[in-house]
Amino acid sequence: MKPASAFFLAAALFALTLLAMPRMTRIEFVDQPSVATQLPDRMPSWSGRYILFCQNPAHGETLILDERPTVCPECGGELNPLSSFELAVLPADTRADKRQYTRTDGAILQAAIVFSGRDRSSIHRPEVCLIAAGTEIVGRRIHTVSLPNQKSLDLQLLDVQQTYRLPDGRTATARSYFAYWFAGRGRETASQPARMFWMAWDRIVHNRAYPWAYISIAGAYDRPGNEPLQRLDDLIQQIYPLLHQGATSSASAHE
Ligand SMILES: [Zn+2]
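Residues numbered from 1 in each chain as written. Predicted model: local features only at pLDDT ≥ 70, side-chain atom pairs only at ≥ 80, totals over all residues. Heavy atoms only, no water.

Novice: Lay out the layout of surface pockets in plain terms, naming residues and giving numbers.
Specialist: A probe as big as a water molecule, rolled over the atoms, marks out the empty space that is left. Taken as a whole, the second largest pocket spans an internal volume of roughly 270 Å³. Along its surface, the second largest pocket is lined by 15 residues, and Leu153, Asp154, Glu188, Thr189 and Ala190 are the ones closest to its centre. Secondary-structure elements contributing two or more residues to the lining of the second largest pocket are strand 8 (152–165) and strand 10 (187–189). No other element matches the four residues that strand 8 contributes to the lining of the second largest pocket. Of the residues assigned to the lining of the second largest pocket, the class counts are eight nonpolar, four polar and three charged. (1 Å grid on protein atoms, 1.4 Å probe; cavity = no way out; pocket = protein on both sides within 12 Å on 5 of 7 lines; lining within 4 Å. Points joined across faces, edges and corners; volume = space filled by probe spheres on them. Helix = DSSP H or I, 4+ residues; strand = E, 2+ residues; numbered from the N terminus. Nonpolar A, V, L, I, M, F, W, Y, C, P; charged D, E, K, R; others polar.)

Okay, here's the thing in structure tokens:
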């Protein structure tokens, strides 16, 4: 499906949802994620540490830890993979896991998986969260990663530029990328309109909502040439089979 037609269909389905709302039966939430709900701890050449946000407003730090403690080791506050901002804007039943992965050669990437719940607003356009002071999206494209068994996975890849001020007052820029795709009900897509279409389709046609995963990987363009994106490909090739191993439903799931 072309993105434009998918977008049109998604818009049409949302309009239909609004019209049908008063007569609509309750939507059943079928809790069958298409991929594992936790990111793997280890892969052949990558090992993960937990990314956790201290929810105590007096501390509020981001922690990167080998273990996942029940409370903040520094202040005893509550810990969550979602930041207090994300917790404030996302529905309460949103599930998430975040890791910082280090490869045996020292390369670092950050990964996140966020699942929609009963309410479809758990997954919003990633661009919304990337717009911070001094941050600009300077490019976007589809990046295709080859997987074993002649398969491939399309990712939406955003090039991000951060502008910051050095201690001496000069400004400097750094470039990084943010890549993501969606997985739900045995379907995978890099397209936000296509994901919205399938969620709306299940709600309207089947009166059901399924959890959709929004999987993202972020890394820095800290080396010249292809190396930064080769790391991304390497992590995807190792993480993809593990995400699908722990799933409760697969492409074989049907209506
Ligand atoms: Zn704390």
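Novice: How would you explain the coordination of the zinc ion if you had to name every residue and give the values?
Specialist: Taken together, the protein donors to the zinc ion comprise Cys54 (SG), His59 (ND1), Cys72 (SG) and Cys75 (SG), at separations of 1.9 to 2.3 Å. Note that the zinc ion binds four donor atoms; their angles at the metal cover 100 to 117°, and the shape is tetrahedral. On the primary sequence, the residues serving as donors to the zinc ion are separated as C-x4-H-x12-C-x2-C. With respect to burial, Cys54 and His59 carry one shared label: buried. (Donors = N, O, S within 2.8 Å, 3.2 Å for Na, K, Ca; no water. Tetrahedral: all angles 85-135°; square planar, octahedral: opposite > 155°, others 65-115°. Buried < 20%, exposed > 50% of the residue type's maximum accessible area, 1.4 Å probe, protein only.)

Novice: If you had to explain empty space enclosed by the protein to someone new, which residues and values would you point to?
Specialist: In the structure shown here, the tally under the stated rule is one cavity of 30 Å³ or more. Reported here for the largest cavity is a volume of approximately 30 Å³. Contributing to the lining of the largest cavity are Met199, Asp202, Arg203, Arg208, Ala209, Tyr210 and Trp212. Residue assignment for the lining of the largest cavity shows that the elements contributing at least two residues are helix 4 (192–206) and strand 11 (208–209). With three residues, helix 4 is the single largest residue contributor to the lining of the largest cavity. Taken together, the residues of the lining of the largest cavity sort by class into four nonpolar, no polar and three charged.

Novice: Go over the environment of Pro40, please, and point to the residues and values.
Specialist: For Pro40, the location among the structural elements is in the loop between strand 1 (28–29) and strand 2 (46–54). Distance from Pro40 to Leu242, taken between C-alpha atoms, is 6.9 Å for residues 202 residues apart in sequence. Setting aside residues up to four positions removed in sequence, Pro40 forms contacts with Arg99, Tyr101, Ile239, Leu242 and Leu243. (Contact = heavy atoms within 4.5 Å.)

Novice: Mind laying out the packing of aromatic side chains, listing which residues take part and the relevant values?
Specialist: All told, the structure shown has eight aromatic pairs when counted by the stated rule. Here Phe178 and Tyr180 contribute two aromatic rings whose centre-to-centre distance is 6.1 Å and whose plane-to-plane angle is 55°, an arrangement assigned as tilted. Assigned by exposure class, Phe178 and Tyr180 land together as buried. An aromatic cluster of at least three residues, connected via ring pairs, comprises Phe178, Tyr180, Phe182 and Tyr214. Across the ring face of Tyr210, the terminal group of Arg185 is positioned such that the distance to the ring centre comes to 4.4 Å. A cation over a ring is seen here: Arg187 above Trp198, with NZ or CZ 3.7 Å from the ring centre. (Phe/Tyr/Trp six-rings, centres within 6.5 Å; stacked < 30°, edge-to-face > 60°. Lys NZ or Arg CZ within 6 Å of the ring centre and 35° of its normal.)

The values are spatial; any link to function lies outside them.
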